[in-house]
Structure formats: structure tokens, C-alpha cells
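# Overview (structure and organization)
Residues per chain are reported as follows:
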Amino acid sequence: MPGPFISSTLSEGVATITLDRPDVLNAFNQAMAAELQLTLGAVARDPAVRAILLTGNGRAFCAGQDLAEAVPAGGPAPDLGDIVHASYNPIIRLIRGIEKPVVCAVNGVAAGAGANLALACDILIAAEEASFIQSFSRIGLIPDTGGTFFLPRLVGLHRATAMMMLAEKITAPRAKELGLVYEVVPHSVLHETAFSLARSLAAQATRGLGLTKRALNRSLGTDLDTQLEFEEELQREAGKTHDYHEGVRAFLDKRKPNFTGQ
Ligand code: T3D
């Protein structure tokens, strides 16, 4: 189902989705954005997929919008708002809306929309050589792809402002210090580390993790009382899952739980 610019494989409950335009550092053209949307929609619906691993092919994770496509040699300039609406916003909504963990293995530079695509994922593991650049200001644009939503919440308003206005390269170790990434590992073990994390998430109580993500999403824009009520509602739902009952039985029986994702 994925096309030439996105590959997707399923193993041990983990769908590995790879951005695959290495010659242009996996920059997004419209076709790649459309393929990623289709792929994310498909893995969201597939009950065999219980965790997602997103990464890039080659030396980069993703260099954001393909600038050659954004400014074509001839013809009228495209409306960038339309591109953001059609290409990037659906991807971010899909990643946040998928009630399964999305791990991002940041294998190299993540710039522009590519940086913010990574930040929208649930858990980021970065290679030592990886970096993040809010490169939009270098070309006179504003940070899109959810960047102005996630980055100030992750690092605080002033750091986000500096990162977005200065467009400096943030190395992976610095990104870990800032709380952007969970772990930094040598490139040689990046895939293995990220896959093993995704596989362990895929073996957990998928609906509980999905409801956790729903609660965290809501927490980004609400007050305490509303969030406490939302937790009640979601805990009620979690308490009705098969995996909750299995988890408690396994604890009492002093054995490993066998979660099925139900
Ligand atoms: O539609 C809209 O515009 C609205 C939406 C906007 C969303 C955005 O993402 S805007 C931001 C777009 N992205 C950028 O501005 C980043 C541009 N790229 C870079 O700044 C640098 O390439 C990197 C810092 C990412 C990496 O630098 P470096 O030195 O490691 O690699 P390089 O030599 O610059 O790039 C390697 C090749 O990839 C090169 O092609 P070549 O010379 O080998 O034929 C370069 O042109 C190409 N490439 C890199 N990024 C892009 C790209 N080609 C097209 N679009 C790119 N974004």
C-alpha cells in the first residue's frame, strides 16, 4: 500500500514506517505526505499493529518541505497555507490521534517540518549524530507541523522562541538535556534500540496505552478539574478492558501478563 517514498513493514506487532527520499534528506513532496497519511491511517486501523516506529532512510530523518517543489521553476507560486492544510496538519492529527504508541527513531538531521514531525511522536530515540533545526526562519516562514504547539510545551516559551528565531542546530545530546528526546544512542544501535522499545510497548496493554495518550493529548489544553474528570472517564473505560483484568490476575498469580491489546 505505501508508495515509492514511504515503506512500511510489520513485525512482532510493530509497524516500522520509513521516510524514503534519501537523495533529498527525506524532504516531503506532496506524494510523500499523502503516502504517509495513508500509511498512518492504515496502521491506526490494523489491530495487528500495536506500536509504530517512524524513522528515515539514509543520513537524515527528514529535511522538511521539499523546497524545490515549494518554489517550482515556472508557474504560479503555491499557496503555502494550502500545503500545510493538505500535507502536514493531517499527519500531525493522525500521529496524535492514533491510540497506540508512536516511537520516533531520529536517525539524522530533522529540519523544518521534519523536526516538528518528530516532536509530535510519543517517544523519541535519537542517534548521537542526529540534530533538530527549526529552519523555517532561515527562509522567512513560521514553524508549522505543530511546532508552535509542542515546542513551547516541551522546552518553555523562551527556549522555543530562541530555537525558532535563531534556527540553530540542536545536537542530540542537547536535545536530550532539553527534554526533546528520551534517549540518545550510537547510530549503530539506533534501530535495534528503538525497535526493541517499540516491541516492548507492542506487548503492553494497548488500550490502556491508547487511553493514556488520549489523556495526555487533552492535558495539553485544559484545567485540572476538567482533566481529573476526564481521568475518571478514561479509567472507567480502562477498567473494562480484557488487558486490565489480565494484568491484575497476572499480578496476583505472580506471573507475567499476557496482554492481547483487547
Ligand atoms: O510548502 C511550504 O513551504 C510550507 C511548509 C513548510 C514546511 C517546512 O518544512 S519549511 C522548511 C524546509 N526545510 C528547510 O528549510 C531545510 C533545508 N535543508 C537544510 O537546511 C539542510 O539541507 C540541512 C540542515 C537539513 C542538512 O544540511 P547538510 O549540509 O547536511 O545537507 P545538504 O547538502 O544541505 O543537503 C543534501 C541534499 O539534500 C542537497 O541536494 P544535492 O546538493 O545533494 O543535490 C540539498 O539540496 C537536498 N535538500 C536538503 N533539504 C532539502 C533538500 N532538497 C529539497 N528540499 C529540502 N528541504
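Heads up: these notes are all about the structure in this document. Source: prediction; values computed, not measured.

Conventions adopted
Residues numbered from 1 in each chain as written. Predicted model: local features only at pLDDT ≥ 70, side-chain atom pairs only at ≥ 80, totals over all residues. Heavy atoms only, no water. Pairing = 2+ DSSP bridges. Helix = DSSP H or I, 4+ residues; strand = E, 2+ residues; numbered from the N terminus. Axes fitted to C-alpha atoms, helices over the stretch in contact; angles between N-to-C directions. Near = heavy atom within 4 Å. Polar contact = N/O pair within 3.5 Å; in protein donor to acceptor, adjacent residues only side chain to side chain. Areas by Shrake-Rupley, 256 points an atom, 1.4 Å probe, with all protein chains shown as cover. Nonpolar A, V, L, I, M, F, W, Y, C, P; charged D, E, K, R; others polar. Buried < 20%, exposed > 50% of the residue type's maximum accessible area, 1.4 Å probe, protein only.

Here we take up the sheet that holds strand E1 (residues 6-11). Think of a sheet as strands paired side by side through backbone hydrogen bonds, with each pair either parallel or antiparallel. On the basis of which strands lie adjacent, the open sheet formed by 6 strands has the order E1-E2-E3-E5-E7-E10 and mixed pairing. Both edges of this open sheet fall to E1 and strand E10 (183-185), since each of them pairs with a single strand only. Adjacent strand axes in the sheet meet at a mean angle of 20° when their direction is disregarded.

Reading across from one edge, E4-E6-E8-E9 is the order of the 4 strands in this open sheet, with mixed pairing throughout. Two strands close off the open sheet at either side, each with one partner strand: strand E4 (60-62) and strand E9 (170-171). By the bridge criterion, 2 bridges tie E4 to strand E6 (residues 109-111) in an arrangement that is parallel. Counterpart to Ala 60 in the pairing with E6 is Val 109.

Bringing the site of the ligand into the picture now. With respect to spatial proximity, 23 residues lie near the ligand, and among them Arg 59, Ala 63, Gln 65, Leu 67 and Ala 113 are the closest. Ala 113 is positioned such that a nitrogen or oxygen atom in its backbone is 2.8 Å from an oxygen atom of the ligand. In isolation the ligand exposes 1,000 Å². Once the protein is present, 66% of that is buried. For the shell around the ligand, the secondary-structure elements that each account for two or more residues are helix H2 (67-70), helix H3 (80-97) and E6. No other element matches the 3 residues that H3 contributes to the shell around the ligand. Of the residues belonging to the shell around the ligand, the class tally is 15 nonpolar, 4 polar and 4 charged.

The next thing to look at is unusual backbone geometry. One non-glycine residue, Glu 12, lies in the positive phi region at around 50°. By relative accessible area, which is 51% here, Glu 12 ends up exposed. We note that Thr 145 has phi near 55°; this positive angle belongs to a residue other than glycine.

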